[in-house]
Every structure is written in C-alpha cells, then in structure tokens.
Amino acid sequence: MSNKTNPFSLFLILVLLILSTDNQADVKLGFVRGLIDQTSQSLSALREGITAMNSSFEQASALFMNANNKSGDAK
C-alpha cells in the first residue's frame, strides 16, 4: 500500500482556510476567474491569428517559388 499524497494538498487547505476568513472571498475569486477567462480568450485569439498569418506566409512562399521556377524555365 503506497501513500501517494499530492504535495499541493496542504497548500490548498491553507489557502481555503485563509479564504474562509475573508467575507469577500467569493467576489475576489470571481474577479480572478474573470481575469483568467479573459486571458485565456486573448491567448486563443492570438494563437488563431498567428496560425492564419503562418498559413498566409506559406501560401505566399509557394506562390513566389512557383513564379521563380516558371521564370527560370522560360530562359
């Protein structure tokens, strides 16, 4: 029988005890959750933008490489 205890359990218990003494803990946690949600959405939009930009660069590269190959063949 092995005792696999998460090392963050004690830290989580301590945080919960500290929060239980604060009357506005739910308001503060709601604010933090909103902040994390907005950060997640911003990073997701940034990732999508970078992916779209990379795709456009790849298409442009292929287009210009084809144009260079065709002009080289005409010589």
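Note that the structure is predicted; figures quoted are calculated from it, not measured.

> Is there a simple way to explain the overall build of the chain in this structure?
If you tally the helices and strands in the chain, you get 2 helices and 0 strands. Across the 75 residues in the chain, those meeting the buried criterion constitute 1%.

> Teacher, can you tell me more about a nonpolar patch on the surface here?
On the surface, Leu 43, Leu 46, Ile 50, Met 53 and Phe 57 cluster together into a nonpolar patch covering about 520 Å² of accessible area. You can see Phe 57 is positioned in helix α2 (residues 25–74). Classification of Phe 57 by relative accessible area gives exposed; the value is 54%.

Parameters at a glance
Residues numbered from 1 in each chain as written. Predicted model: local features only at pLDDT ≥ 70, side-chain atom pairs only at ≥ 80, totals over all residues. Heavy atoms only, no water. Helix = DSSP H or I, 4+ residues; strand = E, 2+ residues; numbered from the N terminus. Buried < 20%, exposed > 50% of the residue type's maximum accessible area, 1.4 Å probe, protein only. Patch = residues over 30% accessible without salt bridge, like charges linked within 9 Å, V, L, I, M, F, W, Y side chains within 5 Å. Areas by Shrake-Rupley, 256 points an atom, 1.4 Å probe, with all protein chains shown as cover. Salt bridge = Lys/Arg side-chain N within 4 Å of Asp/Glu carboxyl O.

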